[in-house]
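One-letter residues, chain by chain:
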Amino acid sequence: MLSSVTDLLHYIDENQLTSEFGGTLDYCHSDWIVLRTAIESFAVTVKDIAQMLQGFGSELAETELPDEGKAIEYLLEAHTEKYRKLKNAIRSVSKEGRHLLLSLETSGKEDESQWDVKLDWETVQRLLAQLRDMESAFDGFFEKHHLKLHQYLQLLRYEQSFQEMELCLEHLMAQERELSISVDTLVLTEQALKRLDSLELNAQEVMARAQIIILHGHQLSAGHHYAMALIMQRCNELRHYCDTLNASLKTKHTSLLQTHQLLLCLGQAQTWCDDGAYMLANQLVDKFQSKEGAQAALKDIERFLEGAPSMLSSGPDVLAIEYEAVITQQLQAQIGETFEKHAAVQQMIQNRQASLRKLADKHVRPVQLVAPRPENPPRAKSPLFSPKHGDGLKFTFDISLPGKRASRKSPNPRKIEVIHDFQENRSCVSYSLEGEDSPDLLKRHVMRELIETERIYVEELLSVLLGYRAEMDNAALSGLLPPILRSKRDILFGNMPEIYNFHSRVFLQDLEGCLENPEGVGACFLQRKESFQMYECYCQNKPRSEALWRQFSDCAFFQECQKKLEHKLGLDSYLLKPVQRLTKYQLLLKELLKYSSDCEGTSELQGALTAMLDLLKSVNDSMHQIAITGYEGEICELGRVLMQGSFSVWISHKKGPTRMKELTRFKPMQRHLFLYERALLFCKRREEHGEGCDKTPSYSFKNCLKMTAVGITENVKGDVKKFEIWYSGREEVYVVQAPAVEVKMAWLNELRRILTNQQKLLRDEAYQHGQMVGHMQLSPPLSESKQQRASVSSGDTESGRSSPDPQPYSPKHQHNRRSWPGAPHSVDICEGLEEWPGGQDAFQPSDMEEEVLVTLSPGRYRALADCLQNGPESITIKCGDVIQLQCEDNRGHWLVKNVSQRQEGFIAAASLQLIIAERSRGHHTRLGDPGTPKARKLSSP
């Protein structure tokens, strides 16, 4: 044990003891704690940095590469941002370590004997070295990863460019394959050359872009891209596409040029032969009877022979060898015909030369021949007709009309026949007409025109949608576009996008499939018949579109778009294209039908033509319908518009206060009628006049007749163009005068069809349901002078009846009736109307005949006529039977009990009128005479 601090110095050096123990060591425990804490914190931070770097490296290694360029760009940005944050953290920790190392170095210099300070300095130095190694490895790893992602993005974009270019080149190659070089006329050859030139121009532009893609691929490969093999493969594929397309186009261009040259030579040869025939025919015989005349004629022939085409001297075999690559069976036939014609002309020329040489050597007695009259200029080139040419040489030539050089493109070329008489050494010509082209060839021409115009139509629609409609979303042009116009582009363009999608994706492909089979095009139209209804929506929107265009036609936006598209016409002309295309279809179908008589598919073509004509009529009717104003209900509830047209109309109210202007109306009202499936609308046509007004007429609504309460009288005495429409039991009568008898018959047929369908519907309901739907209270019987009138009649016969069963009107049961209310009850006005002047133009009700019916009410009656059973719920009634009327249902059928036969069933009200009513025989009551109906009623309930 030590007794004092001094004793401690005997055992420990004073340099190792602090001042508290008598030593000289400068030591502060609190400073040591701070320093030690900083070293340990630095070591933990370095460890955390290492874990963060390891985690980020694992994340980069496990990241799945997306297939979209934008996703890759976003991934690159995210990884780069994380890399920057980690780099900042590493720099911050390194700075902290260097500061700590500097502190330790300062302490060590002050007292080199402190060995623990040296240990701490070595520890911090080692941690800083580890941090630098981690940073260096991390930088290298991320650089490789970043390069990989960047190259992947380059590869993805290059692959996308390659696929787009591959599609373009395949499309061009398909067009090149479709381009046929098997042509046999000069016109078709020139057309094929024009199409080939256009295709070559387009191909050069596409191949130039392909070369840029190939060059870009080589640049990527030179940059040591990791997918170098794939990129070079794509470059080789594009180069192969371009070489193949270029070679095919050059081959076809060479072939077409050779064909064109051959056809030109053949045409020149045939023209030379025709001119030779004319020359021989027009040499006047009386002029070369002299020596001088014969010599002059020989010189003319020699000059003509000097101008012979060079190909005629080579022969058909040499020509076949020269153009072996392009000669087809048709061209070979043309070559044969040309040289046959040449041989015939050569023979005639040689015979003429032999005759002329004899005349030039010695004088011979002239022979009087029939020659054309020189004094008749219009027939100066008319051929001579030889009275005897049976033994002569005859050949037919294509020529133009005398005095006028016609084109060889004429579908009906005129022929002359040159007949040489060997006995008298003279020639004559005669005309004949060559038959028209075959129907199959004409059908193919029409089919090609249909497909070609369809392609142009689709391209024009696409140019409008991309060049105008899509440009409304272009931010660069937003300053030129009024804001209100952007929100109304659906009004301006209508449903044009829907029309474009249908034609580009469906209908054009259908038509192209019928190129070699024109008879099948009718089935295409019938199959897509419902799709064409979209044009009705487009045409209905057209007035609104035109009004919007007139308001903004001077907008700078439209002018800029038109300038970019290089269109000569404005947008309004292109907005009219769908309407024009719709009318074009029926014209082309008529042409196809004209050349397809008694062929397969003719019925489908006729059906397609009918469908397109019906569509045009429907579109026209709907265009008028949207101009109706003043109708308070929903027009769509009236059903489809069936017909529309303007008529002269007289109106008479059988009941209700008579208006003076109706009594004094001598001239008819001009009304525009719209016939719907469920109603007939009367409107007045109005047109605005003056500058700046819309020229489209409008129709002010006047009256609506529900078809369930309408009847017709087909003939009105005095005018074959008039017919009668009456409403609600003749409470309102309209005499309608059509502009023509054909219009009247068309309307009557449609009205009769609607009314017949209503009767059939009532019969079907009675047959299916067979039970009384509800009981109704009948209105009190009217007096004999106010009995219900007949529903339908014809002027001279009862065969014209076309109306549902008549229903008495009772306001109390309006909702249970199948009829519609007419005018209020009032006195009859017919007697006053009979005194109207005006001849046939005035409404004279006395000219029309009708039947007057009895009002039915419950009770017992004596049957005055037979009625056969009609349906499972009906009964048979014989003349003399006692029947009891019990109640009427909402279909207009009465529950009837045959007391005599002990049967019960339903009978229509119209049949009961025939069974129980006594009508006067031998004359017809006038429309204003007191009624004469009698019903033998036995009792009332």
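Definitions and limits used
Residues numbered from 1 in each chain as written. Predicted model: local features only at pLDDT ≥ 70, side-chain atom pairs only at ≥ 80, totals over all residues. Heavy atoms only, no water. Helix = DSSP H or I, 4+ residues; strand = E, 2+ residues; numbered from the N terminus. Contact = heavy atoms within 4.5 Å. Areas by Shrake-Rupley, 256 points an atom, 1.4 Å probe, with all protein chains shown as cover. Phe/Tyr/Trp six-rings, centres within 6.5 Å; stacked < 30°, edge-to-face > 60°. Buried < 20%, exposed > 50% of the residue type's maximum accessible area, 1.4 Å probe, protein only. Core = buried A, V, L, I, M, F, W, Y, C linked by side-chain atoms within 4.5 Å. Axes fitted to C-alpha atoms, helices over the stretch in contact; angles between N-to-C directions. Parallel < 35°, antiparallel > 145°, perpendicular 65-115°, else oblique. Left-handed = near helix turned anticlockwise from the far one by under 90°. Nonpolar A, V, L, I, M, F, W, Y, C, P; charged D, E, K, R; others polar. Expected span 1.5 Å × (residues − 1). Bend = angle between axes of the 7 residues up to and from the residue. Salt bridge = Lys/Arg side-chain N within 4 Å of Asp/Glu carboxyl O. Pairing = 2+ DSSP bridges. Arc of directions from axis to C-beta.

Caption draft 1: Region of the structure containing the overall build of the protein. A tally of helices and strands in the protein yields 24 helices and 18 strands. Within the protein, residue pairs in contact and separated by at least 24 positions form 70% of the contacts whose partners lie at least 6 positions apart. Here the protein has roughly 51,900 Å² of accessible surface; of this, 52% comes from carbon and sulfur atoms.

Caption draft 2: Representation of the packing of aromatic side chains within the structure. All chains considered together, the criterion is met by 22 aromatic pairs. For the pair Phe-502 and Phe-532, a centre-to-centre distance of 5.4 Å together with 80° between the ring planes defines the contact as edge-to-face. Remark: Phe-532 occurs in the loop between α15 (521-527) and α16 (534-552) and Phe-502 occurs in helix α14 (residues 496-512); sequence separation between them is 30 residues. Accessibility expressed as a relative area gives 1% for Phe-532, which makes it buried.

Caption draft 3: Expanded view of the nonpolar core. Counting 54 residues, the largest nonpolar core has Leu-492, Phe-525, Phe-532, Phe-558 and Leu-571 as the members making the most contacts within it. Take this core: its biggest share by element is 10 residues, from helix α11 (residues 439-469). Once residues within four sequence positions are removed from consideration, Phe-532 is found in contact with Phe-502, His-503, Phe-507, Phe-525, Leu-582, Tyr-585, Met-612 and Leu-615. Membership of the second largest hydrophobic core comes to 29 residues, among which are Leu-169, Val-183, Leu-196 and Leu-220.

Caption draft 4: Main features of the environment of Leu-748. Tracing the chain through its elements places Leu-748 in helix α22 (residues 741-769). Relative accessible area serves as the criterion here: at 1%, Leu-748 is assigned to the buried category. Sequence separation between Leu-748 and Thr-713 is 35 residues, and the spatial gap between their C-alpha atoms is 9.2 Å. In this structure, Leu-748 is in contact with Ile-712, Glu-714 and Phe-723, ignoring residues within four places of it in sequence.

Caption draft 5: Broad picture of the packing of helix α5 (residues 186-222) against helix α6 (residues 228-282). The interhelical angle for the contact between α5 and α6, taken along N-to-C directions, is 160°, at an axis separation of 9 Å. Comparing the axis directions of α5 and α6 gives the class roughly antiparallel. Here α5 and α6 pass one another in a crossing that is left-handed. When its residues are assigned to classes, the contact of α5 with α6 shows 23 nonpolar, 9 polar and 6 charged.

Caption draft 6: How the structure looks around unusual backbone geometry. Notably, His-224 is not glycine yet its phi reads approximately 60°, a positive angle. Looking at the element boundaries, His-224 is found in the loop between α5 and α6. Its identity is not glycine, yet Arg-902 carries a phi of approximately 55°, on the positive side. Relative to the assigned elements, Arg-902 resides in the loop between β14 (893-898) and β15 (903-908).

Caption draft 7: Examining α16 more closely. The first and last C-alpha atoms of α16 sit 26 Å apart over 19 residues, in line with the 27 Å expected at 1.5 Å per residue. Within α16, the axis deviates most sharply at Lys-542, by approximately 40°, and proline Pro-543 lies no more than four positions further along. Taken together, the buried positions of α16 are Met-534, Tyr-535, Glu-536, Tyr-538, Cys-539, Asn-541, Lys-542, Ser-545, Leu-548, Trp-549 and Phe-552.

Caption draft 8: Representation of the pattern of salt bridges within the structure. Enumeration over the complete set of coordinates arrives at 26 salt bridges. In this structure, Glu-176 and Lys-252 form a salt bridge, with 3.4 Å as the shortest nitrogen-oxygen distance. Here Lys-252 lies in helix α6 and Glu-176 lies in helix α4 (residues 115-178), a separation of 76 residues in the sequence. A salt bridge links Arg-752 to Glu-714, with the nearest nitrogen and oxygen atoms 2.9 Å apart. In this pair, Arg-752 sits in helix α22 while Glu-714 sits in the loop between β9 (710-713) and β10 (722-727), placing the two residues 38 residues apart along the sequence. Residue class for Arg-752 comes out partly exposed when judged on its relative accessible area of 25%. The network of salt bridges with shared partners includes Lys-87, Glu-135 and Asp-139.

Caption draft 9: Representation of the environment of Val-741 within the structure. Summarising the element assignment, Val-741 is placed in helix α22. Taking relative accessible area as the criterion, Val-741 reaches 34% and is therefore assigned partly exposed. For Val-741, the contacting residues outside a window of four places in its chain are Val-720 and Lys-721.

Caption draft 10: Layout of the sheet that holds strand β11 (residues 732-737). Taken together, 8 strands build an open sheet; the order of strands is β4-β8-β7-β6-β5-β11-β10-β9 and the sheet is mixed. Both edges of this open sheet fall to β4 (628-629) and β9, since each of them pairs with a single strand only. Note: β4 against strand β8 (residues 698-706), 2 bridges, orientation parallel. Directly across from Thr-629, in β8, lies its bridge partner Ser-700.

Caption draft 11: Geometry of helix α19 (residues 577-594). Across its 18 residues, α19 extends 26 Å between first and last C-alpha, which sits within 8% of the 26 Å expected from 1.5 Å per residue. The complete set of buried residues in α19 reads Pro-578, Arg-581, Leu-582, Tyr-585, Gln-586, Leu-588, Leu-589, Leu-592 and Leu-593. Projected onto a plane normal to the axis of α19, the buried residues spread over an arc of 165° and lie on a single side. As for α19, its buried residues are in contact with α11, α14, α15, α16, α18 (571-575) and α20 (602-625).

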